[in-house]
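A structural walkthrough
Take a look at the letters that make up each chain.
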Amino acid sequence: MTEPRFPTILAARKNDQRPSDIEFQLRNHCRRVKVVKSLSGGAHLVFPSESSLAVRVYYPDDLQKIHDNPVTSVHEKENVPKMGRSSNSGHGADDDFDGLLNFFTSFRYTLVLLVMDRENDSNQLHDVDSYFHRAQRLIRRVQDEEYESSQSVAAAAGAWTAQKKIQRVHMVNKTETGIHTIMSITDAIKRVAPKNAFLEKCSRQKLVPDANGDIVPNETAAASIVCKAIRNMAYRFEIPPEEVGVLMSLVTSVGDLASMSKSELQELPLTDETKQILSSFFCHR
């Protein structure tokens, strides 16, 4: 029997909400799909691993709903002060939609899939203000701002430039092609893993100053420390590897795990055995 392509996939939707077409078809390529009420950054799907891939998927009906309800989302409002609005006039100033800005800045690897029929495909390509082109411009804006920020920090501290986030927007004509796109990107992530490990090792050896001039570990070093802490904790408790991937996708630190309530722990898409282990150790109430 062929081993499933993915151990676990996290899907965000309400319990009474019908699975999307891509979620339904992905069930043939994984051991299990864990449904949660929401995911960080408003992701629709997350493929947990050492470097998790977060995915947003839009069908024509989804874009029509966004068009009919163009109210700025909570995610967009929260992130305007953080990222700012584009200082350039014209295109790029208002390209954010459906909290996409928050999504791109919440994960290292992100993918936006637009599954369009041929008629909608043509409209998205030829209209410069279509959601496809707005998402493309938004990615360039986020990457430019992050690059400028990392360059200024690296120049000031003589540190390695932070690894770039990888963000993609793809438009496909059918769901099956979208699934193959996801598989190709996850394969690419695995291929660059040795290079990323080397860069992270170099980055952990560097320290950068914060706004007050104090020397603190940079973002990559901090993420590595959190990852190592969670893995060491899971190893001691004999928590299954696939559960560890889910934990790292949903919890930002061991401190967050220790401080959450018992009801919050129960909402995590983990097995009852893993929940019992964590609850007993951290004395959740």
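Because the structure is a prediction, the values reported are computed rather than measured.

1. Thoughts on the overall build of the protein
Looking only at helices and strands, the protein has 13 helices and eight strands in total. A burial count over the protein gives 43% of its 285 residues as buried. Excluding contacts between residues fewer than 6 apart, the proportion of contacts in the protein whose partners are at least 24 apart in sequence is 67%. Total accessible area computed for the protein in this model is approximately 16,300 Å², and 51% of it derives from carbon and sulfur atoms.

2. As for the pattern of salt bridges
Taken as a whole, this structure holds nine salt bridges when the rule is applied. Where arginine 141 meets glutamate 145, a salt bridge forms, and the shortest distance between an N and an O atom there is 3.8 Å. Pair noted here: arginine 141 and glutamate 145 are both in helix H6 (residues 131–157), with a separation of four residues, about one helical turn. Look at glutamate 145 and you get partly exposed, because its relative accessible area is 26%.

3. Looking at the packing of aromatic side chains
Aromatic rings considered in pairs are described by the distance between their centres and by the relative angle of their planes. What the rule picks out here adds up to five aromatic pairs. With a centroid separation of 4.8 Å and 55° between ring planes, the pair formed by phenylalanine 6 and phenylalanine 47 is classed as tilted. Separated by 41 residues along the polypeptide, phenylalanine 6 in strand E1 (residues 6–12) and phenylalanine 47 in strand E3 (residues 45–47) bring together distant segments of the chain. When sorted by exposure, phenylalanine 6 lands in the same class as phenylalanine 47, which is buried. With 5.8 Å between their ring centres and 45° between their planes, phenylalanine 103 and phenylalanine 104 make a pair best called tilted. Like phenylalanine 103, the residue phenylalanine 104 is buried in the burial classification. Through successive ring pairs, a cluster of aromatic residues spans Tyr58, Phe97 and Tyr131.

4. Quick look at the environment of leucine 63
Among the structural elements, leucine 63 can be located in helix H2 (residues 60–68). With relative accessibility at 6%, the residue leucine 63 sits in the buried group. Along the chain, leucine 63 and tyrosine 131 lie 68 residues apart, while their C-alpha atoms are 7.8 Å from each other. Look past the residues within four positions of leucine 63 in its chain and what remains in contact with it is Tyr58, Leu114, Met116, Gln124 and Tyr131.

5. Some details on the sheet that holds strand E4 (residues 53–58)
In a beta sheet, neighbouring strands pair by backbone hydrogen bonds and run either parallel or antiparallel. Ordered in space as E2-E1-E3-E4-E5-E6, the six strands form an open sheet in which the pairing is mixed. A strand with exactly one partner marks an edge of an open sheet, and here the two such strands are strand E2 (30–36) and strand E6 (166–172). Adjacent strand axes in the sheet meet at a mean angle of 20° when their direction is disregarded. Contacting E4 and strand E5 (109–115), H2 crosses the sheet at an angle of about 80° to E4.

What counts as what
- Residues numbered from 1 in each chain as written.
- Predicted model: local features only at pLDDT ≥ 70, side-chain atom pairs only at ≥ 80, totals over all residues.
- Heavy atoms only, no water.
- Helix = DSSP H or I, 4+ residues; strand = E, 2+ residues; numbered from the N terminus.
- Buried < 20%, exposed > 50% of the residue type's maximum accessible area, 1.4 Å probe, protein only.
- Contact = heavy atoms within 4.5 Å.
- Areas by Shrake-Rupley, 256 points an atom, 1.4 Å probe, with all protein chains shown as cover.
- Salt bridge = Lys/Arg side-chain N within 4 Å of Asp/Glu carboxyl O.
- Phe/Tyr/Trp six-rings, centres within 6.5 Å; stacked < 30°, edge-to-face > 60°.
- Pairing = 2+ DSSP bridges.
- Axes fitted to C-alpha atoms, helices over the stretch in contact; angles between N-to-C directions.

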